[in-house]
Amino acid sequence: MTAYGSFPGARPRRLRTTPAMRRMVAENRLHPADLILPAFVREGIAEPVPIQAMPGVVQHTRDTLRKAAVEAREAGVAGIMLFGVPEDAKKDALGTAGTDPEGILQVAIRDVRAEVGDELVIMSDLCLDEYTDHGHCGVLTADGRVDNDATLERYAEMAQVQADAGVHVVGPSGMMDGQIGVVRDALDTIGKEDVSILAYAVKYSSAFYGPFREAVGSSLTGDRKTYQQDPANVRESLRELALDLEEGADMVMVKPAGPYLDVLARVADSAHVPVAAYQISGEYAMVEAAAEKGWIDREAAIAESLLGIKRAGADMILTYWATEAARGLGGGS
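All residue numbers refer to position in the chain's written sequence, counted from 1. Under the rules for a predicted model, residues below a pLDDT of 70 receive no local features and side-chain atom pairs below 80 are neither given nor counted, while totals for whole chains, interfaces and linings still include all residues. Side-chain calculation: all heavy atoms of the structure are included, whereas hydrogens and water are not.

1. What about unusual backbone geometry?
Between Lys-255 and Pro-256 the backbone carries a cis peptide bond, its omega angle lying at -5°. Only DSSP runs of H or I with at least four residues qualify as helices, and only runs of E with at least two residues qualify as strands; both kinds are numbered from the N terminus onward. Within the secondary structure, Pro-256 is located in the loop between strand S8 (251–255) and helix H8 (261–270).

Right, dumping it as structure tokens:
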């Protein structure tokens, strides 16, 4: 105690006294335009199919996908990332449904573009895993290994049919060496220079993908550890980032988000392009399951998890809560 005041002299709590004060001094803020909605569209169904491991998320019909896109736009969400789920009978070793102009993803891109035009950024997953009967992200060799360079040829074809369908952004997610350069060349060759590339620059082999396998009807047995990254590594991520930027990536992504916030922060510090992070199916499922049990406050946990991703450096967040969260943030047109 002194004659001129009490100890301590520094009182950070003064800036936490009221909600208005905390809002005024907040260092990071979420906005609806930070959010991107991943959405699944399934071929050959008449009604949406709930995904058991992801309560509240469905495999859409073409009609309900259009409605979901409109709802996202009205909530102020920035974009929608589309994943196609073909009929099992159309899967084969080369994933040919993924390059069929009438394949489910290409049809869905056209549907959504016709519905919302340029008012929502339409993105597409550029990968073979949904379309192959073996469930891997690429073409296999005779002994069962993923053939990097043969897969790149398929990715080039996928990029072109997705661009022709009207997508604004392609998202190469297979983690093949050289994929961004090949996709950029493929797009430029057909005069689609304005189609952007969101590179899955940093994609780890993660246990948290489990519910996603149900969502896309994956046929995978085994794992993807020979092409997705080892969770033990960080410097490897920065190398992948540098390569993707050199090859022409317009934006880059870290996936998963929550378990890799340290990596996200490193990428955000290094990248000179917009950085996205994907809050994946397992992250979503954990919160929903714990909330259903009454163990956590669902809305508060969603908001905190998204803010943590933003704080770590993400400019954009792919999240299955995108529309709900955007509404809660007061978004909309």
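2. A look at the packing of H8 against helix H10 (residues 298–312)
Angle between the axes and distance between the axes: these two values describe a pair of packed helices. Angles shown run from 0 to 180 degrees and are taken between the N-to-C directions of axes, each axis being a line fitted to C-alpha atoms and, for helices, limited to the stretch in contact. Direction vectors running N to C along H8 and H10 enclose 35°, while the axes themselves pass 8 Å from each other. Here Leu-261, Leu-264, Ala-265 and Ala-268 of H8 lie close against H10, whose contacting residues are Gly-308, Ile-309 and Ala-312. Residues are grouped as follows: Ala, Val, Leu, Ile, Met, Phe, Trp, Tyr, Cys and Pro are nonpolar; Asp, Glu, Lys and Arg are charged; all remaining types, including Gly, are polar. Of the residues contributing to the contact of H8 with H10, the split by class is six nonpolar, one polar and no charged. Here a residue-residue contact requires only that any non-hydrogen atoms of the pair lie within 4.5 Å.

3. Considering helix H3 (residues 104–116)
Turn by turn, an α-helix covers 3.6 residues, leaving residues three or four places apart pointing in a common direction. The terminal C-alpha atoms of H3 lie 18 Å apart, and with 13 residues this matches the ideal 18 Å at 1.5 Å per residue to within 8%. Each residue is assigned to one of three classes by its accessible area relative to the maximum for its type, calculated with a 1.4 Å probe on protein chains only: buried under 20%, partly exposed between the two thresholds, exposed over 50%. For H3, the set of buried residues is Ile-104, Leu-105, Gln-106, Val-107, Ala-108, Ile-109, Asp-111, Val-112 and Val-116. On its buried face, H3 is in contact with strand S1 (35–42), helix H2 (62–75), strand S4 (79–85), strand S5 (121–126) and helix H4 (148–165). Positive phi shows up at Gly-117, right after H3, with a value of about 60°. Helices are assigned an expected span. That span is 1.5 Å times one less than the residue count.

4. Considering the environment of Arg-62
Considering the arrangement of structural elements, one finds Arg-62 in helix H2. Along the backbone, Arg-62 and Ala-46 are 16 residues apart, and their C-alpha atoms lie at a distance of 8.9 Å. Those residues in contact with Arg-62 that sit more than four places away from it in its chain are Val-41, Ile-104, Val-107 and Asp-111.

5. Regarding H4
In a regular helix each residue adds 1.5 Å, so 18 residues correspond to 26 Å; H4 covers 26 Å between its end C-alpha atoms and thus fits that length. Listed as buried for H4 are Thr-151, Leu-152, Arg-154, Tyr-155, Ala-156, Met-158, Ala-159, Val-161, Gln-162, Ala-163 and Ala-165. Buried residues along H4 sit against H3, S5, strand S6 (169–172) and helix H5 (179–189). In protein, a polar contact means a hydrogen-donor-capable atom and an acceptor-capable atom, both N or O and within 3.5 Å, with residues adjacent in sequence counting only if both atoms are side-chain atoms; elsewhere, any N or O pair within 3.5 Å suffices. For H4, the N-terminal capping position is held by Asp-147, with its side-chain oxygen 3.3 Å away from the main-chain nitrogen of Asp-149. Gly-166 occupies a position one or two residues after H4 and carries a positive phi of about 115°.

6. Thoughts on the packing of aromatic side chains
Working definition: rings of Phe, Tyr and Trp (its six-membered ring) pair if their centres are within 6.5 Å, and the pair is stacked with planes under 30 degrees apart, edge-to-face with planes over 60 apart, and tilted otherwise. Within this structure, the stated rule accounts for six aromatic pairs. Taking 5.8 Å as the distance between ring centres and 75° as the angle between the ring planes, the aromatic pair formed by Tyr-284 and Tyr-320 counts as edge-to-face. You can see Tyr-284 sitting in helix H9 (residues 281–292) and its partner Tyr-320 sitting in the loop between strand S10 (316–318) and helix H11 (322–328), a full 36 residues away along the chain. An identical accessibility class is assigned to Tyr-284 and Tyr-320; each is buried.

7. Here we look at the pattern of salt bridges
One speaks of a salt bridge when a side-chain nitrogen belonging to Lys or Arg is within 4 Å of a carboxyl oxygen belonging to Asp or Glu. Evaluated as defined, the whole model comprises 17 salt bridges. Notably, a salt bridge pairs Arg-154 with Glu-157, separated by 3.2 Å at the nearest N-O pair. With Arg-154 and Glu-157 both in helix H4, this residue pair falls three residues apart, about one helical turn. Residue classification places Arg-154 among the buried positions, given a relative accessible area of 9%. The exposure class assigned to Glu-157 is partly exposed, which follows from its relative accessible area of 37%. Salt bridges sharing partners connect three or more residues here, namely Arg-62, Asp-63, Arg-66 and Asp-111.

8. Considering the pairing of strand S9 (residues 275–278)
Residues of S9 alternate between two faces, with Val-275 and Ala-277 on one and Ala-276 and Tyr-278 on the opposite face, all of them buried. Summarising the sheet, S8 and S9 pair through three bridges and their orientation is parallel. Counterpart to Val-254 in the pairing with S9 is Ala-277. The definition of a right-handed crossover adopted here requires that, viewed with the strands pointing away, the path from the first strand over the helix to the second runs clockwise. Handedness of the S8-H8-S9 crossover: right-handed. Strand pairing requires that DSSP identify at least two bridges connecting the strands.

9. Concerning the nonpolar core
Within the largest apolar cluster, 96 residues are counted, with the highest numbers of intra-cluster contacts made by Ile-80, Leu-82, Tyr-155 and Val-252. Dropping the residues within four chain positions of it, Val-252 is found in contact with Leu-198, Ala-199, Ala-201, Leu-241, Leu-245, Val-267, Ala-271, Val-273, Pro-274, Val-275 and Ala-276. Residue types Ala, Val, Leu, Ile, Met, Phe, Trp, Tyr and Cys, when buried and joined through side-chain atoms within 4.5 Å, form a set referred to as a nonpolar core.

10. Concerning the pairing of S5
Burial within S5 is extensive, with five of its six residues counted as buried. Bridge count for S4 against S5 is four bridges, and the pairing is parallel. Note that in S5 the partner of Leu-82 across the bridge is Ser-124. Following the backbone out of S4, through H3 and into the adjacent parallel S5, one traces a crossover that is right-handed. Note that S5 and S6 share four bridges and pair parallel. Counted as the bridge partner of Leu-126 is Pro-172 from S6. Once the chain exits S5 it traverses H4 before rejoining the sheet at S6, and the crossover so formed is right-handed.

11. Describing the environment of Met-158
With respect to the helices and strands, Met-158 occurs in helix H4. Using a relative accessible area of 0% as the deciding quantity, one classes Met-158 as buried. If near-sequence neighbours (up to four positions away) are discounted, Met-158 is found in contact with Gly-98, Thr-99, Leu-126, Cys-127, Leu-128 and Tyr-131.

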